[in-house]
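The chain contents come next:
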Amino acid sequence: MNIILIGYMGSGKSTIGKKLSQILDFEYVDLDNYIEEKEKNTISGIFKTKGEIYFRKIEKKYLEEVLILPNSVISLGGGTPSYGDNMKLITEVEDSKSVYLKASIPQLVMRLKDEKNKRPLISHLKSEEQLVEFIGKHLFERSVFYNQSNVTLSVDNKSVNSIVEEVILQLF
């Protein structure tokens, strides 16, 4: 069985994914890290040198590769489910469950405001108000995809351990 973690950047996919994979003794795959290894470049570097269209094309290719790995917890990039037919691929994979880690806009702003430099999509934003507006717009556009997940869990003001426990209770 695979567990596919979906959610906006800063929702905790990587942190929850690592902990969940340890507890379940599953392989852990972060799609962004997988892409960086395969492309021998950072996500920021790929965006800068080859552009978002190229990135989304290879993202789909590598998504297809990781979705067939056995017994894995897979953390996707925040935009992955909302491009092309990626969400359809995610929902149609046999013996897999997708989990939407749903964080509120204030929670996401709090988590992301100090790491804008590491996030190519928000690195250009100057103020917290711009960040709030950007996240709100993205969540509105992406929620139709995120909400197709098998399970939706609110992560606001919860510890990593309690979120991991909730994921396990929902899926097993």
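Presented here is a report on the structure given in the accompanying data block. Quick caveat, the model's predicted, so the values are computed rather than measured.

## Some details on the pattern of salt bridges
Across all of its chains, the model carries 8 salt bridges by this definition. Between lysine 88 and glutamate 92 there is a salt bridge, and its shortest N-O distance comes to 3.6 Å. Residue lysine 88 and its partner glutamate 92 are located together in helix H4 (residues 86–92), separated by 4 residues, close to a single helical turn. The class of lysine 88 is partly exposed, set by a relative accessible area of 48%. With a shortest N-O distance of 4.0 Å, glutamate 128 and lysine 113 are connected by a salt bridge. Linking glutamate 128 in helix H6 (residues 128–146) with lysine 113 in the loop between helix H5 (105–112) and H6, this pair joins segments that are 15 residues apart in sequence. On the accessibility criterion, lysine 113 (37% relative accessible area) is partly exposed. Through salt bridges with shared partners, a single ionic network connects Glu52, Arg56 and Glu59.

## Comments concerning unusual backbone geometry
In the Ramachandran plot, aspartate 25 falls in the positive-phi region, its phi being about 60 degrees despite a non-glycine side chain. Mapped onto the elements, aspartate 25 comes out in the loop between helix H1 (13–24) and strand E2 (27–30). In this structure, asparagine 71 is a non-glycine residue whose phi angle is positive, near 45 degrees. Among the residues examined, asparagine 71 registers a relative accessible area of 40% and is labelled partly exposed.

## Description of the sheet that holds strand E4 (residues 96–102)
Within the open sheet, the 5 strands sit side by side as E2-E3-E1-E4-E5. Their pairing is parallel. Looking at strand neighbours, the two that pair on one side only are E2 and strand E5 (151–154), the edges of this open sheet. With direction set aside, neighbouring strand axes in the sheet form an average angle of 20 degrees. As judged from the 3 bridges shared by strand E1 (residues 2–6) and strand E3 (residues 72–75), these two strands associate in the parallel manner. Its bridge partner lying in E3, isoleucine 3 is registered against valine 73. Against the sheet, helix H3 (residues 43–67) engages E1, E2 and E3, with an angle of about 145 degrees to E1. Lying on the sheet, helix H7 (residues 160–171) is in contact with E1, E4 and E5; it crosses E5 at an angle near 155 degrees.

## Some remarks on the nonpolar core
Burial of nonpolar side chains together is a common tendency in soluble globular proteins. Among the nonpolar cores identified, the biggest contains 50 residues, and Tyr8, Ile35, Leu76, Ile90, Val99, Leu112 and Ile135 are the most heavily contacted of them. Sorting elements by how many residues they give to this core places H3 first, with 9 residues. Aside from chain neighbours lying at most four places away, what touches isoleucine 135 is Tyr8, Ile105, Leu108, Val109 and Leu112.

## What to know about the pairing of E4
Burial runs high along E4: 5 of the 7 residues are buried. Taken together, the 5 bridges between E1 and E4 define a ladder with parallel strand orientation. Its bridge partner being in E4, isoleucine 6 is matched across the sheet by tyrosine 100. Summarising the sheet, E4 and E5 pair through 4 bridges and their orientation is parallel. What sits directly across from tyrosine 100, in E5, is threonine 152.

## Remarks on the packing of aromatic side chains
Counted under the stated rule, the structure contains 3 aromatic pairs. Centroid distance tyrosine 100 to tyrosine 146: 5.0 Å. Interplanar angle 45 degrees. Geometry classified as tilted. Pair noted here: tyrosine 100 is in strand E4 and tyrosine 146 is in helix H6, with a separation of 46 residues, a long-range link. The pair formed by tyrosine 100 and tyrosine 146 is uniform in burial state, with each residue classed as buried.

Here is what the cut-offs are and how they apply
- Residues numbered from 1 in each chain as written.
- Predicted model: local features only at pLDDT ≥ 70, side-chain atom pairs only at ≥ 80, totals over all residues.
- Heavy atoms only, no water.
- Salt bridge = Lys/Arg side-chain N within 4 Å of Asp/Glu carboxyl O.
- Helix = DSSP H or I, 4+ residues; strand = E, 2+ residues; numbered from the N terminus.
- Buried < 20%, exposed > 50% of the residue type's maximum accessible area, 1.4 Å probe, protein only.
- Pairing = 2+ DSSP bridges.
- Axes fitted to C-alpha atoms, helices over the stretch in contact; angles between N-to-C directions.
- Contact = heavy atoms within 4.5 Å.
- Core = buried A, V, L, I, M, F, W, Y, C linked by side-chain atoms within 4.5 Å.
- Phe/Tyr/Trp six-rings, centres within 6.5 Å; stacked < 30°, edge-to-face > 60°.

Such coordinate-based values are descriptive only and should not be taken to indicate function.
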